[in-house]
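Results of the structural survey
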Amino acid sequence: MRVVTPTGEAIELGTVETSPTIGIIDYSRRVTDDFGVTTVVERGFARRMSVRLAVPFTDTGALQRRLAALRATPATWIADDRFASLSVRGFYKDFEVDQAVPPLSYCTLTVEGLAETAPIADAGGDPAIGGKSTLQLLQPVIITTPQLIASSVPEADAAEWSAQATYALGARVMKAATHRVYEAAIGANAGNDPAGASGKWLDVGPTNRWAMFDQALGSLTSAANSIAVTLDAPAIQAVALLDVTAAAVRLQAVGYDRTVPAGAGSITFLDLPAGTTRVTVTITGSAVSVGTLLIGKLVGLGVTEASPTSGITDYSRKDVDQFGAVTIVERAWSKRMAAKSLIDTAAIDVVANRIAAVRATPALWIGLDGLDSLTVYGFFKEFSIEAGETTSKLSISIEGLSKAANVEPLDEAVNWEDVADPSGTKPTNNADKTSDNTAKDTHAVGGRPAAAVLGQIAGNTYNHVVATAEAEVARLRTRALSFLGPLGEDSYTLIRRETTERKGADGVFAETFEILGAVTPDGTAFVINTSTVQIGPDESMAQRFDAIAATFEDNAASIEHIDQVLVGPDGASARALVKLDVGGRIIGTALTNDGSEGAFVVSADNFRIEDPDTGNPYFYADDTGKVVMHDVEVDTLKVGAMDPEFLANQSAFDGAEGSQMLPGGVIMKWGRFRAQIDTEVQLTTVFEKPFPNACDSFVPTPYLNTFSKFKDLWLQVVGEPSRLGATVATQAATGDDQRLDGFNWLAFGR
């Protein structure tokens, strides 16, 4: 292996001892959130190469000095000059010398190339060894208006938006230019383009006609009996349909007519004649629908080795708290696949380029045609190619796009006899149900067990706040129930008051207990008050518990209040809990303080703070998550304190480029370009997120890695910047030392 410096000097590093490994570094921004929604911004990529070199033992010191001298110098690293993937211009990322026993040592070297953005040409051909590729990639064509020649699905989801009309809150419109439906987010909505950045419209999704072409899973194009579309593209080698509900799918092209039954999973047509440029897809049945329709180029990635793996990524939330209670929130899921294939070494560049070409575009990855678990619509997560002498091995992992899970209803009822009883606690068939026999069960309070009426004082919402009081609450509940035994009457009243005092080796204890109650066949009413003090070997405790509860027929309500303080040698704590329970619907408040941290928790559907004189709210929150505050004064506003969706529309920063919405609607963007520039050249900066309307100013400033009085390039803006980006030219006074290490830029627009 050798490295060629910018001055043309060639330095031999050693002999490639094992098969080098190649891959790419994708700078595209691809983020999947907790709900499975994937956001993609295409950027450049860089080639990556790892090699292991055999080096004479006596040359390791010189090798280390050579590599150290090249640590900040872009150079061309050549493991095999027959392949672009093994001739990388860039920097080494790291190296390590294994000082083995003489006469040979070994150096492991990883090289990362400079970023590339140019479109990647496909040299064509099948890279498989001695046959046809079984690992295949459908590189889809993005379907826009020119590609959709005809469709039987009307585009009439809503009325076309009009700049002269005024729309009420929640009104829906359609824009044929974007093929999307929008919903008014404000009332009296007039003159605001739904496709613009006004924030006054919500993008509901694609129209019914275009849902199958939106590059997303979960959206459907549907019709009563059939769907027929005709599509054009420069080269159509394959067609695929995902999430189809129909009886059959027919594909027609010149010299091709094939119909297949529709079933679960994907439907693929991978045998179209060469030169096909127009296809007609017809989906028939009753209440037909299709989620995604793909057409495009079909390319091979080698012969799939045995034992590819498949699975899913589940975005559902499954949390277990400190008491073992499980909270489950069902969310979307996506397929995933990992596979290896054998390819002809002469085709490693072809394979690497084919994968890199779809780095920011969802594509259909086919591990084995006809096997749905190995057919994944999504992105590659990572890949590498181990380059052998004649045969190389591709290893790739694929992450699919997410789709909400379908919850299927039970096909039939479950017989009581078929319900298992592993613990021996299953009631007998037709066993007595307390709520149906309230007069017969004096422990039942209007059809609700007395234990439920007295409540779980540390209810589900506040278990984490009153955990240390649970044992005490259980004791009080048991004591209250001791007064509710059979009295031989359907209607009675109950008044009890007890005091308890105890002193012994374990400390002193005192308690007062009061219960006031009334019971009839129709309902109950109780008031319970308990006060407890205790001093033991390890702590002092004072506690007060109050509860009121009432029922009538099938309705029940209770209010419970517990105050508790605990003091010991290691510290003190105080807790106060109020719980309101109506028919099992619980709201309340909790206060805690351990001397170092305090908390105030409100569990309620609506919460407001009012002016005592006028009743007008200072602060209001409702059960939809809406929060209203008037005359808010903020000293510091931190990211994370606001709705992430709102913040995403106001500011963004990913380390290379950022933007900020300023008061009055002005947008400021900033970014940087890093690469050695050693000639007079034009460079185009493309904004990651374009300005909605226009870029009014673009200011570049030169950047140097280190100070140098010989780096003489300066920057000029060429022409007017657009909302998409700007062009910068470098200029030099002389022909000597025309060098620059990049530039920073600042832009303003609307």
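Above this text you will find the structure in question.
Below, the structure is looked at part by part. (Residues numbered from 1 in each chain as written. Predicted model: local features only at pLDDT ≥ 70, side-chain atom pairs only at ≥ 80, totals over all residues. Heavy atoms only, no water.)

Of all hydrophobic cores here, the largest spans 47 residues; its most connected members are Trp77 and Trp365. One finds Leu231, Leu241, Tyr256 and Val281 within the second-largest nonpolar core, a separate group that totals 30 residues. (Core = buried A, V, L, I, M, F, W, Y, C linked by side-chain atoms within 4.5 Å. Buried < 20%, exposed > 50% of the residue type's maximum accessible area, 1.4 Å probe, protein only.)

This part is about helix α1 (residues 60–69). Within α1, the full set of buried residues consists of Thr60, Leu63 and Leu67. Relative to the axis of α1, the buried residues are bounded by an arc of 55 degrees and lie together on one face. Summarising the geometry of α1, the exposed residues directed more than 90 degrees from the buried face are Arg65 and Ala69. Residues of α1 that are buried in the fold lie against β7 (45–56), β8 (75–78), β9 (87–98) and β10 (104–113). (Helix = DSSP H or I, 4+ residues; strand = E, 2+ residues; numbered from the N terminus. Arc of directions from axis to C-beta. Contact = heavy atoms within 4.5 Å.)

Another aspect to go through is empty space enclosed by the protein. Applying the stated criterion across every chain, the model contains six cavities of 30 Å³ or more. By volume, the second largest cavity amounts to about 90 Å³. As for the second largest cavity, its lining consists of Pro140, Val141, Ile142, Ile143, Met212, Phe213, Gln215, Leu293, Leu294, Thr361 and Tyr377. Within the lining of the second largest cavity, the residues separate by chemical class into nine nonpolar, two polar and no charged. (1 Å grid on protein atoms, 1.4 Å probe; cavity = no way out; pocket = protein on both sides within 12 Å on 5 of 7 lines; lining within 4 Å. Points joined across faces, edges and corners; volume = space filled by probe spheres on them. Nonpolar A, V, L, I, M, F, W, Y, C, P; charged D, E, K, R; others polar.)

What follows deals with unusual backbone geometry. Despite not being glycine, Ala287 has its phi angle at roughly 55 degrees, a positive value. For Ala287, the position within the fold is in the loop between β25 (278–284) and β26 (288–300). Notably, Glu553 is not glycine yet its phi reads approximately 55 degrees, a positive angle.

A complete count under the given rule lists 28 salt bridges for this structure. Between Lys93 and Glu112 there is a salt bridge; the shortest N-O distance is 3.8 Å. Residue Lys93 is located in strand β9, and its partner Glu112 is located in strand β10; the two are separated by 19 residues in the primary sequence. Looking at Lys93, the relative accessible area reads 55%, which means it is exposed. With a shortest N-O distance of 2.9 Å, Asp696 and Arg750 are connected by a salt bridge. Taken together, the residues span a long stretch of sequence, with Asp696 in strand β52 (residues 695–702) and Arg750 in the segment after β55 (740–749) at a distance of 54 residues. Using a relative accessible area of 45% as the deciding quantity, one classes Asp696 as partly exposed. Each of Asp26, Glu42 and Arg359 takes part in a single network of salt bridges with overlapping partners. (Salt bridge = Lys/Arg side-chain N within 4 Å of Asp/Glu carboxyl O.)

This part covers the environment of Glu501. Positionally, Glu501 belongs in strand β37 (residues 492–504). Separated by 33 residues in the primary sequence, Glu501 and Gln534 have C-alpha atoms spaced 10.0 Å apart. When near neighbours in sequence (up to four residues on either side) are disregarded, Glu501 contacts Phe509 and Ala510.

Right, let's get into a nonpolar patch on the surface. The grouping of Ile495, Leu516, Val527, Ile548, Ile559, Leu580 and Ile587 at the surface amounts to a nonpolar patch, some 550 Å² of accessible area in total. Tracing the backbone through its elements, the reader meets Leu516 in strand β38 (residues 507–519). Note on Leu516: relative accessible area 44%, which makes it partly exposed. (Patch = residues over 30% accessible without salt bridge, like charges linked within 9 Å, V, L, I, M, F, W, Y side chains within 5 Å. Areas by Shrake-Rupley, 256 points an atom, 1.4 Å probe, with all protein chains shown as cover.)

Before going further, it helps to spend a moment on the pairing of strand β41 (residues 555–568). Bridging between strand β40 (residues 540–552) and β41 involves 13 bridges; their strand directions are antiparallel. By the bridge assignment for β41, Phe545 is matched with Ile562. Counted between consecutive antiparallel strands, the loop separating β40 from β41 contains two residues, among which Glu553 sits at a positive phi close to 55 degrees. In this structure, the hairpin formed by β41 and strand β42 (residues 571–582) is closed by a connection of two residues. (Pairing = 2+ DSSP bridges.)

A word on the sheet that holds β41. If you trace the eight strands from one edge of the open sheet to the other, you get β37-β38-β39-β40-β41-β42-β43-β44, paired in antiparallel fashion. Edge positions in the open sheet fall to β37 and β44 (598–603), since each of these has one partner strand only. Ignoring strand direction, the axes of neighbouring strands in this sheet form an average angle of 5 degrees. Relative to β40, strand β39 (residues 523–535) runs antiparallel, the two sharing 13 bridges. If you follow Gln534 over to β40, its bridge partner there is Met541. (Axes fitted to C-alpha atoms, helices over the stretch in contact; angles between N-to-C directions.)

With that settled, the discussion passes to the pairing of β26. In terms of residue burial, β26 counts as a mostly covered element, since 12 of its 13 residues are buried. As paired elements, strand β11 (residues 136–140) and β26 share five bridges and run antiparallel to each other. Looking across to β26, one finds that Leu138 is bridged to Leu298. Where strand β19 (residues 221–223) meets β26, three bridges bridge the pair, whose relative direction is antiparallel. Bridge pairing in β26 links Ala223 to Val288.

Moving on, we come to the sheet that holds strand β47 (residues 627–629). In space, the three strands of this open sheet follow the order β45-β46-β47, with antiparallel pairing throughout. Looking at which strands have only one partner, the edges of the open sheet turn out to be β45 (607–610) and β47. Averaged over all pairs of adjacent strands, the angle between strand axes in this sheet comes to 5 degrees, irrespective of strand direction. Relative to strand β46 (residues 617–621), β45 runs antiparallel, the two sharing four bridges.

Within the fold, Leu231 resides in strand β20 (residues 226–232). We classify Leu231 as buried; its relative accessible area is 0%. Along the chain, Leu231 and Thr277 lie 46 residues apart, while their C-alpha atoms are 8.3 Å from each other. Every residue in contact with Leu231, bar those within four places of it in the chain, is listed here: Ile143, Gln147, Leu148, Ile149, Phe213, Ile236, Thr277, Arg278, Val279, Leu293 and Ile295.

Below, the discussion takes up the packing of aromatic side chains. Summed over the entire model, instances satisfying the criterion amount to 11 aromatic pairs. On the basis of an interplanar angle of 75 degrees and a centroid distance of 6.4 Å, the ring pair of Trp365 and Phe380 is categorised as edge-to-face. Pair noted here: Trp365 is in strand β32 (residues 363–366) and Phe380 is in strand β33 (residues 375–386), with a separation of 15 residues, a long-range link. Residue class for Trp365 comes out buried when judged on its relative accessible area of 1%. You can call Phe380 buried: its relative accessible area is 3%. Taking the centre distance of 5.3 Å and the plane angle of 90 degrees together, the rings of Phe687 and Phe691 count as edge-to-face. Note on accessibility: Phe687 and Phe691 belong to one class, buried. Put simply, the rings of Phe687, Phe691, Phe698 and Trp745 pair up and form one aromatic cluster. (Phe/Tyr/Trp six-rings, centres within 6.5 Å; stacked < 30°, edge-to-face > 60°.)

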